[in-house]
Amino acid sequence: MSIDNLQLDDQSRLRHFLTIEGLPRSLLLQILDTAESFAGVGERAVKKVPLLRGKTIVNLFFEPSTRTRTTFELAAKRLSADVLTVDVSTSATTKGESLLDTLRNLEAMYCDMFVVRHALSGAAHFIARNVAPHISVVNGGDGQHAHPTQAMLDMFTIRRHKGGFENLKVAIVGDLAHSRVARSQIHALRTLGVAEIRAVGPQTLLPPCLESLGAIPHNQLSDGLRDVDVIIMLRLQRERAQGALLPSTHEYFQFYGLTEEKLVTAKPDAIVMHPGPINRGVETDSEVADGARSVILQQVGFGIAVRMAVMSLLLGSQAAAEREGNQ
Amino acid sequence: MKLAIRGGLVVDPANDVNEVGDVYVAGGRLVEPAGAGEFTAELELDAAGRIVCPGLVDLSARLREPGQEHKATIASETRAAAASGVTTLCCPPATQPVTDPAAVVELLPPRTARAGMARVETLGALTHELGGKRLAEMGALKSAGCLGVSNAGRPIRDLGVLLRAMEYATTFDLTVFLHPSDPWLCGDGQAHAGAVATRLGLPGIPETAETVAVARDLLLAEQTGARVHFCRLSTGRALDMVREARNRGLPVSADVAAHQLHLTEEDLLGFNSECHLDPPLRSKQDREALRAGLADGTLDAVCSDHQPHERDARLNPFAATEPGISGLETLVPLTMKLVEEGIVELPRAIAALTSRPAGILGLDRGSLSPGSPADICIIDPTGKHTLDAEKMFSRGRNSPFLNTEFAACVTETVLNGRIVFPFS
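Worth saying up front: this structure is predicted, and the values here are computed from it rather than measured. (Residues numbered from 1 in each chain as written. Chains lettered and ligands numbered in written order. Predicted model: local features only at pLDDT ≥ 70, side-chain atom pairs only at ≥ 80, totals over all residues.)

### Examining the overall build of chain A
Stage number 1. For chain A, the helix and strand inventory stands at 11 helices and nine strands.
Stage number 2. Relative to a compact globule of 327 residues, whose C-alpha radius of gyration would be 20 Å, chain A shows 20 Å and is just as compact.
Stage number 3. With the C-alpha coordinates of chain A rotated into their principal frame, the extents come out at 60 × 45 × 40 Å.
Stage number 4. The buried share of chain A, reckoned over its 327 residues, is 48%.
Stage number 5. Restricting to contacts in chain A with at least 6 residues of sequence separation, those with at least 24 account for 75%. (Helix = DSSP H or I, 4+ residues; strand = E, 2+ residues; numbered from the N terminus. Rg over C-alpha atoms; globule rule 2.2 N^0.38 Å. Buried ≥ 20, exposed ≤ 12 C-beta atoms within 10 Å, placed from the backbone. Contact = placed C-beta atoms within 7 Å.)

Now the structure itself:
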């Protein structure tokens, strides 16, 4: 079964949200537009809409996460769904229960959606393929493969600041080799039609054949940032600087850390993004992270609206499919 | 029983035979009567339109017994072998416990004899417990009947140990079967380091994991004088090195798994864990090079690399699945597909399944020479069928070829003069 078939139903509605790859531009724009309509909800006195009342969403986290988990939880609650968060990294699977057994047990509790985070690439696909047909799966990050809701909130942020995507030059800086966020961003940026995507980092942190995804590799930060409209910094796991990939975080910061001086080659109105959490003094210094061009904190807020959009679209497709089934 | 197989296309590469004719069996051996009229058969098989060739010799099939009987058993897998035209199969020593001389002498013969479906040969361990640190008791293994030594894909990180192991193997005139893969370059890799691995976010195994190991092993072989056989080559570059070494006169041979001649890294898209293999599926260029290597004889043998798994071994995200294919039942269909597509000549394809692997194991089998044991495989090149999990004979139903349509199938297998397939 191809990835597209797994994500879309026969009416091309979103069944699961696993990867940006293969999704049409119109669908990505629909997610962004829907998120736009939810963006104000959090500022109201009553921060809830009744769209998903009576629905049950299970956050299935096989890997620890604070930010993604809490924004998914908040998104579900603001849509009036019941939310259950299962931290599987500390429960069943450590007792030897298989992933599939965990899944079957949760299915038996009549839930409507799984939000899955797992340390292995392809885990969300595996779950989507094996889950009961009435359950939708949202990929909350699988290994080094994909993190589509993060990429969509980044697109949301870019559109808010730049108005659109055409003619934009975007640099993604850092550890692309191990980044699920970067892979999803590249697919999203390409689908939304930006002019140029650059992948900037030392050769050890750029995966082979990046061009085949549509990104142009750059080893020098100054070249990579030249005339760009958007700079996306990636988080550097500190253990990467302890093996054969990087000599030290100190040297990384020296050559790839973002500072006001290094920003001079970028466009004057370029925005700086980071999926968080930031290693200050490694990927970027505080001056940039907290500076005028940084949109990092807005990203977090937008993350709730985008996740509300994805959840409501998925459960909307479920409802539409049910109505058709009843007719 | 006296058996006559009449009117088939007899393909016997060892004797340079490739013509329509009859094959006669008496007393478990192939015989050549003075005239066709002088042979009174108790059973006649009409093989018109079929290919009659020596029983297949498979250089690598894991039977999972002893130690992993939840996956498969000697009985179940030798039955699958019979249904696949395989009359001799060779097991790597990676059983639990690791094959020891006692197992070769005491455990395997009675169990395979009870099953009575195929001849089972074994390789012994190259290092103690396959640990890569101390030499295995190669002399005793040879005396017990092992046909060669291998570390079964487990790494030998210390090249000093590998050098000594090769030297020691020459003492007993044992062929060293090597799985060329550098453990450091391989790392935690799951897929060929290329566009597909990058797309799927799977850690990559670079081409150099294999080429560096082949280069190193060739140099060690040259120094020690060991006879080496490279198992399951996956890259074109490694094949070039083997070709060059052989041209220099080194006693080197190599094989490929049948599925590597058909699949590529692209088949992993969508996280198809049935294509989780070791070595990994490589690029399209590599596959073309492997096909050319088979056609020109650089690759001596095609094997099934049979690795049956229980269903649960596959029910996990890609990286957590166990690698390998249940390959016996697609060995003939996949190899014949190359013949159908004009990639390999029929005699060459049959040689790669029979006489060449027999030669690598030092066995006087894989031919239809009069006087040799009557191990025969009959293939219907127009035996259109679809691989159906429910109808597979192996306990392992793990195959990326399920529901694939094939043109050729095995119709009869004769082992030691007895028809073992179709099952009576």
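There's plenty left to go through after this.
### Notes on the interface of chain B and chain A
Stage number 1. The interface of chain B with chain A comprises 17 residues on the first partner and 24 residues on the second.
Stage number 2. It is helix H6 (residues 195-200) of chain B that provides the largest number of residues to the side of chain B that touches chain A, a total of four residues.
Stage number 3. Looking at the side of chain B that touches chain A residue by residue, the classes come out as 10 nonpolar, six polar and one charged. (Nonpolar A, V, L, I, M, F, W, Y, C, P; charged D, E, K, R; others polar.)

### Considering the pairing of strand S21 (residues 418-421) of chain B
Residues and elements named next belong to chain B.
Stage number 1. Note: strand S20 (residues 409-415) against S21, three bridges, orientation antiparallel. Paired with Leu415 across the bridge in S21 is Arg418.
Stage number 2. Once S20 ends, the chain turns through two residues before running back antiparallel as S21, passing Asn416 with a positive phi of about 55 degrees. (Pairing = 2+ DSSP bridges.)

### A few points about the sheet that holds strand S1 (residues 56-61) of chain A
Residue and element names in this part refer to chain A.
Stage number 1. The strand order across the open sheet built from four strands is S2-S1-S3-S4, with neighbouring strands paired in parallel fashion. Where the open sheet ends on each side, the last strands, each with one partner, are strand S2 (82-87) and strand S4 (136-142). The mean angle between the axes of side-by-side strands here comes to 15 degrees, regardless of whether they run parallel or antiparallel.
Stage number 2. Sheet analysis places strand S3 (residues 113-118) next to S4, joined by five bridges and oriented parallel. Bridged to Val116 within S4 is Asn139. (Axes fitted to C-alpha atoms, helices over the stretch in contact; angles between N-to-C directions.)

### Observations concerning the pairing of S4 of chain A
In regular strands, side chains alternate between the two faces of the sheet.
Stage number 1. Within S4 of chain A, seven of the seven residues are buried, which leaves the element mostly enclosed by the surrounding structure.
Stage number 2. Between S3 of chain A and its parallel partner S4 of chain A, the chain crosses via helix H5 (residues 123-130) of chain A, and the hand of that crossover is right-handed. (Right-handed = clockwise from strand over helix to strand, strands pointing away.)

### Structural notes on unusual backbone geometry
Stage number 1. Of note, the bond from Glu65 of chain B into Pro66 of chain B is cis; its omega dihedral lies within 30 degrees of zero at 5 degrees.
Stage number 2. For Pro66 of chain B, the location among the structural elements is in the loop between strand S6 (56-58) and helix H1 (74-83).
Stage number 3. Note the cis peptide between Phe421 of chain B and Pro422 of chain B, where omega equals 0 degrees.
Stage number 4. Tracing the backbone through its elements, the reader meets Pro422 of chain B in the segment after S21.
Stage number 5. The phi torsion at Ser80 of chain A lies on the positive side, around 70 degrees, for a residue other than glycine.
Stage number 6. With respect to the helices, strands and loops of the structure, Ser80 of chain A is situated in the loop between helix H3 (67-78) and S2.
Stage number 7. Exposure remark for Ser80 of chain A: the 14 C-beta atoms within 10 Å place this residue in the partly exposed category.
Stage number 8. For Ala152 of chain B, which is not a glycine, the phi torsion comes out positive at approximately 55 degrees.
Stage number 9. Tracing the chain through its elements places Ala152 of chain B in the loop between strand S10 (148-150) and helix H4 (159-171).
Stage number 10. The class for Ala152 of chain B is buried, based on 21 C-beta atoms found within 10 Å.

### A short note on the packing of H4 of chain B against helix H7 (residues 208-224) of chain B
Helix packing for two helices is described by the angle between their axes and how far apart those axes are.
Residues and elements named next belong to chain B.
Stage number 1. Direction vectors running N to C along H4 and H7 enclose 45 degrees, while the axes themselves pass 10 Å from each other. With respect to their mutual orientation, H4 and H7 come out oblique. H7 is crossed by H4, and the crossing has right-handed handedness. Mapping the contact onto sequence places Leu162, Leu163, Met166, Glu167 and Thr170 in H4 and Leu220, Ala221 and Thr224 in H7.
Stage number 2. Residues of the contact of H4 with H7, tallied by class, amount to five nonpolar, two polar and one charged. (Parallel < 35°, antiparallel > 145°, perpendicular 65-115°, else oblique. Left-handed = near helix turned anticlockwise from the far one by under 90°.)

### Details of H4 of chain B
Residues and elements named next belong to chain B.
Stage number 1. With 13 residues, H4 should cover 18 Å at 1.5 Å per step; its first-to-last C-alpha distance of 19 Å lies within 8% of that length.
Stage number 2. Of the residues making up H4, those classed as buried are Leu162, Ala165, Met166 and Ala169. The arc that holds the buried residues of H4, viewed along the axis, is 100 degrees, so those residues lie on one side. Every exposed residue of H4 that faces more than 90 degrees away from the buried side is listed here: Gly160 and Thr171.
Stage number 3. The inward-facing, buried residues of H4 abut helix H3 (138-144), S10, strand S11 (175-178) and H7.
Stage number 4. A positive phi of about 55 degrees marks Asp173, the residue just after H4. (Expected span 1.5 Å × (residues − 1). Arc of directions from axis to C-beta.)

### Some points on the environment of Thr149 of chain A
All names here are of chain A.
Stage number 1. Examined against the element boundaries, Thr149 turns out to sit in helix H6 (residues 148-162).
Stage number 2. It is 19 Å that separates the C-alpha atoms of Thr149 and Leu51, two residues lying 98 residues apart in sequence.
Stage number 3. Setting aside its immediate chain neighbours within four residues, Thr149 contacts Val138, Gly140, Val306, Arg307 and Val310.

### Some remarks on the nonpolar core
Note on soluble globular proteins: their nonpolar side chains tend to be buried together.
Stage number 1. Residues Ile172 and Ile231 of chain A together with Val149 of chain B are the most contacted members of the largest nonpolar core, which totals 229 residues.
Stage number 2. In terms of residue count, the dominant contributor to this core is helix H11 (residues 296-326) of chain A (10 residues).
Stage number 3. Counting only domains with at least three residues in this core, you end up with domain 1 (3-146 + 301-319) and domain 2 (148-300) of chain A.
Stage number 4. Excluding anything up to four places from it in sequence, Ile172 of chain A contacts Ala182, Gln185, Ile197, Arg198, Ala199, Val200, Ile232 and Leu234 of chain A. (Core = buried A, V, L, I, M, F, W, Y, C linked by C-beta atoms within 7 Å. Domains from an automatic or database assignment.)

### Here's the deal with the domain arrangement of chain A
Residues and elements named next belong to chain A.
Stage number 1. Here the domain parsing of chain A yields domain 1 (3-146 + 301-319) and domain 2 (148-300).
Stage number 2. Summarising the inter-unit geometry, the C-alpha centres of domain 1 and domain 2 are found 25 Å apart.
Stage number 3. Each partner contributes to the interface: domain 1 provides 27 residues, whereas domain 2 provides 23 residues.
Stage number 4. Of all the elements in the fold, those that place two or more residues in the side of domain 1 that touches domain 2 are helix H2 (25-38), S4 and H11.
Stage number 5. The element contributing the most residues to the side of domain 1 that touches domain 2 is H11, with six residues.

### Looking at the sheet that holds S10 of chain B
Adjacent strands of a sheet form backbone hydrogen bonds with each other and so pair up, either parallel or antiparallel.
Residue and element names in this part refer to chain B.
Stage number 1. Across the sheet, which stays open at both edges, the six strands sit in the order S9-S10-S11-S14-S15-S16 with parallel pairing between neighbours. The open sheet terminates on both sides in strands that have one partner only, identified here as strand S9 (124-125) and strand S16 (301-303).
Stage number 2. Pairing analysis gives three bridges linking strand S14 (residues 228-230) to strand S15 (residues 252-257), with the strands arranged parallel. Within the sheet, the bridge partner assigned to Phe230 lies in S15 and is Ala254.
Stage number 3. Packing of H7 onto the sheet brings it into contact with S11, S14 and S15, and relative to S14 it is tilted by some 165 degrees.

### Re the environment of His385 of chain B
Residues and elements named next belong to chain B.
Stage number 1. The topology assignment puts His385 in strand S18 (residues 385-386).
Stage number 2. The exposure class assigned to His385 is partly exposed, which follows from the 14 C-beta atoms found within 10 Å.
Stage number 3. Each C-alpha atom of the pair His385 and Leu363 lies 32 Å from the other, and the pair is 22 residues apart in sequence.
Stage number 4. Contacts of His385, omitting those with residues within four sequence positions, involve Phe406 and Cys409.

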